[in-house]
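A closer look at the structure
Each chain, written out:
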Amino acid sequence: MGARLEELREKARQLRISSLMLAHQAGSGHPGGSLSAADILAVLFYHHMKYDAKRPDWPDRDRFILSKGHCTPLLYSVLSDAGFFPKEELATYRRLGRLTGHPNPKLPGVEIATGSLGQGLSVGHGMALAGKLDKKDYRVYVLLGDGELQEGSVWEAAMSASHYKSDNLTAIVDNNRVAQDNMTAQLKGIEPVDKKFEAFGWHAIRINGHDIPSIIDALEEAAETKGKPTVIVADTIKGKGVSFMENQPKWHGKAPNDEQLKQAVGELQNA
Amino acid sequence: MPKAGTRDGYANGLLKLGSDSRVVVLDAGVSDSTRTQKFGEKYPERFFNMGISEQDMVGTAAGLAKCGKIAFATSFAPFLMGRTQDHQLVSVCYSEANVKLVGTHNGLAVGEDGPTAQSPNDIAMARAMPTMIVICPVDAVEAEKATIFLAEKHKGPAYLRLGRPDVETLYDDSYNFELGKASFLKNGKDGAIIACGVMVYESLKAAEKLGQEGIGVSVINMSSIKPIDREAIRKAAGTGAIVTAEDHNIYGGLGSAVAEVIAEEGLDVEFKIIGIKDRFAESDTQEVLFRKYGLDAEAIAAAVKKAVGH
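Every value quoted in this text rests on a predicted model; they were computed, and no experiment measured them.

What counts as what
Residues numbered from 1 in each chain as written. Chains lettered and ligands numbered in written order. Predicted model: local features only at pLDDT ≥ 70, side-chain atom pairs only at ≥ 80, totals over all residues. Contact = placed C-beta atoms within 7 Å. Helix = DSSP H or I, 4+ residues; strand = E, 2+ residues; numbered from the N terminus. Nonpolar A, V, L, I, M, F, W, Y, C, P; charged D, E, K, R; others polar. Buried ≥ 20, exposed ≤ 12 C-beta atoms within 10 Å, placed from the backbone. Pairing = 2+ DSSP bridges. Axes fitted to C-alpha atoms, helices over the stretch in contact; angles between N-to-C directions. Expected span 1.5 Å × (residues − 1).

**Concerning the interface of chain A and chain B**
The interface is formed by 21 residues belonging to chain A together with 23 residues belonging to chain B. At the level of elements, α5 (120-133) and α6 (152-163) of chain A are the ones that each hand at least two residues to the side of chain A that touches chain B. When residues in the side of chain A that touches chain B are grouped by element, the largest group, nine residues, is from α5 of chain A. Looking at the side of chain A that touches chain B, its residues break down into nine nonpolar, ten polar and two charged.

Set out below in C-alpha cells:
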C-alpha cells in the first residue's frame, strides 16, 4: 500500500502541474479549485472507481460528475491521462473543439454537462436511481464545491437522495472555503456542512481532503454505508501546493503568466 | 364525443407506454392534477414523485435519461418551465438527455388560480431552448398520440404543453400525430386561423360565426409549434389573411413563430396575433377571462374581419 500511496501522490502532483499548464496555455481557466481537488480525483480515477476508458459507455461503469464544472483544467487532465481521449488534444483546451471551458457532454468520460452550479447532484441521483432500477452495482460520485452549496437546488437533491435511500450515491464536497468573490464564509456561510447533510438524512464523513489514505478510507466507508447516501466533506486548500495561490480568491478564475507558471511548477515539483 | 382533458390523454399515453421498461415518469408533487398518478399506481417502481422541487426533478430526469431511460418530467406549466430553465439548458438540452417536459394547466384557461398559475410565457421559453421541440395538443387523443410519439419516435428533449379544462375530442383513434405537421380542421378561402391548444375551439367557434356572415376561413391546428409546419403557413397565406390564436403572451409564442415564417418567406398576407396582450390577468372562469382578455371567439372573429378587410 505504501508504494500505491506514493504513486497516487505523484499522480496528484502531475494533475496539479497539468492543470496549471492548461490554464496558462489557454490564458484563462480555473486553477484554484483544480488544485484543491487534485488529490480527490487522483484517488477516484487511479484507485477507487470502476471504469474502462476505452468503453466510456460501459453500462456498469461508476459515474463521476464534476458538479463544480469550472474545474476543467483538472478534469481534462485526469480524463486524458486515464485514456478517455488523446493527451495531444489538451492543446485545444478552451479553443474550438471538444475541450470547452466547462465540461462538454460530447467528450468521452464526461457524463453530463455542468458549469452552471447546483445541478450535478440531481443528475447524479438520477443515475443512482437508474442503477437501482436496472439492478446494477455501479456507484455515482458527484464532486461539489463549497460555494456551490449556496445553490438551493443542491439541497433539493440532498432531500431526494435520502428520501430514496440512494446509498449508491456519494457526494464529495471540495471544501476549499474560497469562492470567486471572497471567502465562502464571508460571502454566505455554509458551515457546518457535515451537520447540514446529516440533518438531511445523509451519512457524513469529514476528512482532510489532501490526505490520500483518508480519501481512500472515506470512499470505502461510503461504499459500505447502506440505506442512505454518503457525503464526504473534504477540507482542502484552494490553490493547494502553490504558495501564492493558496487561499486566494483571485486565483479562482485566472491563468498564471509565464513567470507565475514557472514558479508554481517549481514549487509543486519540489514539494 | 365525450369531453376529456389533454392531461388525461397524456395519462393514457403513459399507460400505453408502460410496458416499455425504459419509460420513467417524474412529478413534482402534483400527480393527482397532472394525472401521472395513474402511471404511478400501475408502475410504482418507475414513478418518481420528487416532491415540490422542480429543479431537482428535471436534473434527476436528466440523470435517468443518461442511463438509457425515457424520462417524462411533469408539473404545472409555469413552475416546470419557468423555474427550471437553466437545468433544461445545461442538464437536459446541452447534455442531449432524452427528457420530455410535460407542463399541464397552461394559460388563462387555468382560470381561478390567477396570474401566478397562468404560464403566459412557457411556449416562448421552450421555443428559445436550443434543440427542444414544442408540442401543444388540442385534445385528449392528440395528447395521447403525441406522448407515444415522444417516447417511441423522438429521442431528445421536448416540451409538451397540456391544459386543465376538459375539451371536446376532435380526433378519433385513427389520427396519426406527425411532428411538424399541422391539420386543417376547416377550409375556407377568405382567411385562415392558425391556433393551438384550447384556442383551436375558440377558433372553430369564430369560423362558424364568420361563416354565417359569409366569410369562409380555414382553421388550422398547429399543435407542432417547433418545428412548425411551413407548408401549412404558406397555404394559409394563400387566402390573403392569417390570424393566429394562442392562450399565451403575444410575444414569443405561436404568433411569433408564424410571423417568423411569413417574414422569412416574404409571404404577402394580412396578419394578426391573438393572445395575452403583454399583461397579467386575474382570477375567474376561463370563459370570463377569455372574454375580458380578448381570447374568445368574438376577439378572433373581429381580428379576422380586420385582416380580411371587412
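Read on, since the account is not over.
**Quick look at unusual backbone geometry**
Look at the link from Glu191 of chain A to Pro192 of chain A: it is a cis peptide, with omega at 0°. Along the chain, Pro192 of chain A falls in the loop between α7 (184-188) and α8 (193-199). For the bond running from Lys226 of chain B to Pro227 of chain B, omega is 0°, close enough to zero to count as cis. Relative to the assigned elements, Pro227 of chain B resides in the loop between β12 (224-226) and α10 (230-237). In this model, Arg177 of chain A sits at a positive phi of 65°, which is unusual for a non-glycine residue. By the element assignment, Arg177 of chain A lies in the loop between β3 (169-175) and α7. Accessibility expressed as a C-beta count within 10 Å gives 19 for Arg177 of chain A, which makes it partly exposed. Within the chain, Asn247 of chain A stands out as a residue other than glycine whose phi angle is a positive 65°. With respect to the secondary-structure elements, Asn247 of chain A resides in the loop between β5 (230-235) and α10 (258-270).

**Here's the deal with the sheet that holds strand β14 (residues 270-276) of chain B**
Residue and element names in this part refer to chain B. The mixed open sheet is built from five strands, whose spatial order is β9-β11-β10-β13-β14. A strand with exactly one partner marks an edge of an open sheet, and here the two such strands are β9 (183-186) and β14. Here the average twist between neighbouring strands, direction ignored, is 25°. Across five bridges, the pairing between strand β10 (residues 191-195) and strand β11 (residues 217-221) is parallel. Each bridged residue has a counterpart across the sheet, and for Ile193 the counterpart in β11 is Val219. Contacts between helix α9 (residues 199-212) and the sheet are confined to β9, β10, β11 and β13 (241-249), with β11 contributing the most and set at about 170° to the helix. Docked against the sheet, helix α11 (residues 254-265) engages β10, β13 and β14, running at close to 145° with respect to β13.

**A short note on α6 of chain A**
Since the α-helix advances by 3.6 residues per turn, residues separated by three or four positions end up pointing in the same direction. All names here are of chain A. End to end, α6 covers 17 Å across twelve residues, agreeing with the expected 16 Å (1.5 Å per residue, within 8%). Of the residues making up α6, those classed as buried are Ser153, Val154, Glu156, Ala157, Ala158, Ser160, Ala161 and Ser162. At the exit of α6 stands Lys165, carrying a positive phi of roughly 55°.

**Observations regarding the sheet that holds strand β4 (residues 70-76) of chain B**
Residue and element names in this part refer to chain B. Judged by pairing direction, the sheet is mixed, and its seven strands sit side by side in the order β3-β2-β4-β5-β7-β6-β12 without closing on themselves. Edge positions in the sheet fall to β3 (47-49) and β12, since each has one partner strand and no second. Between one strand axis and the next, the sheet turns by 20° as a mean value, whatever way the strands run. Here four bridges tie strand β5 (residues 99-104) to strand β7 (residues 158-161), and the two strands are oriented parallel to one another. From the neighbouring strand, Lys100 faces β7, where its bridge partner is Ala158.

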